[in-house]
Amino acid sequence: MRPLLFAFILFPLLELAVLIKVGSSIGVLATLLLIVASALAGGFLLRIAGPATAWRARARLLSGEAPEEEMLDGLLLALGGFLLLLPGFISDVLGLLCLLPFTRHALRERLVRRAGRRSAHPGQSQSEAGQSRPRVIEGEWQRHDD
């Protein structure tokens, strides 16, 4: 519930406060130009990074590997592009973090680590969860055809 509260109430208020503060410091026209420039830069970065990620995913598929990293990169690129299109400086910074390669890789690794922690079974440590084997129940069976 808290993330939704933040997303729908606090985030726009924070964006508005930062816009007002920046606008009063550098002027309205300069603030509007920065907002438009960040949206254009985000679109440009997304246009470059998106197809490159798609080609890497295609190459991994053709080599018989699953493109997990490329899928997460694509998700982060789409999120970054969306955030840069939103008016505001906080969303621009978050969008750039999703679009720049070195921060995107760090975010991807953090997401993978967090997903691994959540998938650990209760009563099992994280290291055991990553190294566990599937449980196999041995038994005998017979087919009886009627």
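About the thresholds
Residues numbered from 1 in each chain as written. Predicted model: local features only at pLDDT ≥ 70, side-chain atom pairs only at ≥ 80, totals over all residues. Heavy atoms only, no water. Helix = DSSP H or I, 4+ residues; strand = E, 2+ residues; numbered from the N terminus. Buried < 20%, exposed > 50% of the residue type's maximum accessible area, 1.4 Å probe, protein only. Polar contact = N/O pair within 3.5 Å; in protein donor to acceptor, adjacent residues only side chain to side chain. Contact = heavy atoms within 4.5 Å. Expected span 1.5 Å × (residues − 1). Arc of directions from axis to C-beta.

Draft legend 1. Representation of the side chain of Thr103. Structurally, Thr103 is set in helix α5 (residues 101-118). Under the relative-accessibility criterion, Thr103 is labelled buried at 16%. A polar side-chain atom of Thr103 sits 3.1 Å from the main-chain carbonyl oxygen of Leu100. Residues contacting Thr103, with those up to four places away along its chain left out, are Leu96 and Leu97.

Draft legend 2. Structural detail: α5. Look at α5: 26 Å from first C-alpha to last across 18 residues, which is about the 26 Å you get at 1.5 Å a residue. Listed as buried for α5 are Thr103, Arg104 and Arg108. Projected down its long axis, α5 carries its buried residues within an arc of 140 degrees, all on one side. The exposed residues of α5 that point more than 90 degrees off its buried face are Phe102, Arg110 and Arg113.

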